[in-house]
Amino acid sequence: MAICPVCEMEVEEKKARGTSIYQEKPFYFCSKACKKKFDESPENYFKEEEKDA
Ligand SMILES: [Zn+2]
């Protein structure tokens, strides 16, 4: 199971609406809209899971 980096929903890789490779890692998206947002500014979503608890 992957996590959509935009909305943080769980995404099954096989059912992903889109994928992007960023910094040589694959990302899976729950929707085309999420993929589009990510592609426009991937750095916004690339925070290496460092979050407020
Ligand atoms: Zn999403």
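Just so you know, these numbers come straight off a predicted model, no measurement behind them.

S.K.: Before we move on, can you summarise the overall build of the chain with the specific residues and values?
M.R.: Counting secondary structure elements, the chain contains one helix and four strands. Start at the N end of the chain and walk to the C end: the helices and strands fall as β-β-β-β-α. Sequence-distant contacts, at least 24 apart, represent 25% of the contacts inside the chain between residues at least 6 apart.

S.K.: Outline the nonpolar core, supporting the account with residue identities and numerical values.
M.R.: In this structure, Cys4, Val11, Phe27, Tyr28, Phe29, Cys30, Cys34 and Phe38 together form the largest nonpolar core, which totals eight residues. Residue assignment for this core shows that the elements contributing at least two residues are β4 (25-29) and α1 (32-40). No other element matches the three residues that β4 contributes to this core. In contact with Cys4, other than residues within four places in its own chain, are Met9, Val11, Tyr28, Phe29, Cys30 and Cys34.

S.K.: Quick rundown of the pairing of β4? Include the residues and the values.
M.R.: Looking at chain direction, strand β3 (residues 18-22) and β4 are connected through five bridges and run antiparallel. Among the inter-strand pairings, Gly18 is bridged to a residue of β4, identified as Phe29. What sits between the antiparallel neighbours β3 and β4 is a turn of two residues, in which Gln23 has the positive phi angle 50°.

S.K.: Residues and numbers for α1, please.
M.R.: Residues Cys34, Lys35 and Phe38 constitute the buried set of α1. Buried residues of α1 fall within an arc of 100° about the axis and therefore sit on the same side. Turned more than 90 degrees from where α1 packs its buried face, Lys32 and Glu40 sit exposed. In the core, the buried residues of α1 are packed alongside β3 and β4.

S.K.: Let's hear about the environment of Val11: which residues, and what values?
M.R.: Positionally, Val11 belongs in strand β2 (residues 10-11). A count of 23 C-beta atoms within 10 Å places Val11 in the buried class. For the pair formed by Val11 and Phe27, sequence separation is 16 residues and the distance between their alpha carbons is 9.8 Å. Contact partners of Val11, with chain neighbours within four places excluded, come to Ala2, Ile3, Cys4, Ala16, Tyr28, Phe29 and Cys30.

Cut-offs used in this document
Residues numbered from 1 in each chain as written. Predicted model: local features only at pLDDT ≥ 70, side-chain atom pairs only at ≥ 80, totals over all residues. Helix = DSSP H or I, 4+ residues; strand = E, 2+ residues; numbered from the N terminus. Contact = placed C-beta atoms within 7 Å. Core = buried A, V, L, I, M, F, W, Y, C linked by C-beta atoms within 7 Å. Buried ≥ 20, exposed ≤ 12 C-beta atoms within 10 Å, placed from the backbone. Pairing = 2+ DSSP bridges. Arc of directions from axis to C-beta.

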